[in-house]
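Report on the structure
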Amino acid sequence: MSGMRIAASVLSADLLQLEEQIRLVEDAGADWIHVDVMDGHFVPNLTFGAGMIAAVRRTTTLPVDVHLMVERPETFIDAFADAGASVFTFHPEATRHVQRQLEAVRQRGMLAGLALNPGTPLGLAEEVLDDLDLLLLMTVNPGFPAQEFIPASLGKIGRARHLLEERGSAAYLEVDGGISRETIFAARSAGADTFVAGSAIFAADDPAREVRELRKRCLTVT
């Protein structure tokens, strides 16, 4: 495992100041901008669509990391690619033909990601590991921001890291949910390399400082 990435989630940003906030975290060293797409069916919340992805794309040159918590994610592949998404991650429970959709995502020039909820077995990703550019482990039950990190997730992160290394996979291992100054070092130590942080960054008094602090604490425990 080498390198690490901070993905700032705009779900927790002030949408009236979206451009300013994205540029603030970009200047502070955020690596990706993360966009959560929810349909109110797969999870009990409703958020953004292609319009938000396009708005983020116009604002930044950073990769736009899109996590779909929606039913039938395949219906969004073309629209999100056209809007400028860099990473397209969906849940295996949301579609019948996971491998087919991963291939379709790659054909549109995006990185293909698979997201696993806390109760979703790692084995669902194992069967399509060769088709993955990113494996996202949810460290909370998805749907709402500002939830607490589930401690049992650390064991799953460790098993996922072992699986990736055993199979020689270069896929990113991303974690999302409750990532903060207090949890990021443990998640990194368990094997994650990409960290989604929303409320920890945008609810802070100084979001730019928080990005820098997360990176610092990811590398050294205090």
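Described in the following lines is the structure provided in the data block. Here the structure is a predicted model, which means the values were calculated and not measured. Throughout, residues of each chain are indexed from 1 in the direction in which the sequence is written. pLDDT decides what is reported in this predicted model: residues at 70 or higher carry local features, side-chain atom pairs at 80 or more are listed and counted, and totals for whole chains, interfaces and linings draw on all residues regardless. Each side-chain value is worked out from all heavy atoms of the structure, with water and hydrogens disregarded.

What to know about unusual backbone geometry
In this model, Arg-72 sits at a positive phi of 55°, which is unusual for a non-glycine residue. Secondary structure is summarised from DSSP: a helix means a run of H or I of at least four residues, a strand means a run of E of at least two, and numbering begins at the N terminus for each. As for its position among the elements, Arg-72 is in the loop between β3 (64-69) and α3 (77-83).

Some thoughts on the pairing of strand β2 (residues 32-38)
Here's how the labels work: a residue is buried when its accessible area is under 20% of the maximum for its type, exposed when over 50%, partly exposed in between, all with a 1.4 Å probe on protein chains only. Counting buried residues along β2, 7 of its 7 residues qualify, which places the element largely inside the surrounding structure. The side-chain alternation of β2 yields two buried faces, one formed by Trp-32, His-34, Asp-36 and Met-38 and the other by Ile-33, Val-35 and Val-37. Here, strands pair whenever DSSP counts at least two bridges between them. Bridging between strand β1 (residues 5-9) and β2 involves 3 bridges; their strand directions are parallel. Across the sheet, Ala-8 pairs through a bridge with Ile-33, a residue of β2. When the strands point away from the viewer and the path from the first strand over the helix to the second turns clockwise, the crossover is right-handed. Where the polypeptide runs from β1 across helix α1 (residues 18-27) and back to β2, its parallel neighbour, the crossover connection is right-handed. Of the strand pairs in this sheet, β2 and β3 are connected by 6 bridges, and their pairing is parallel. Bridged to Met-38 within β3 is Met-69.

These values are about where atoms sit, not about what they do.
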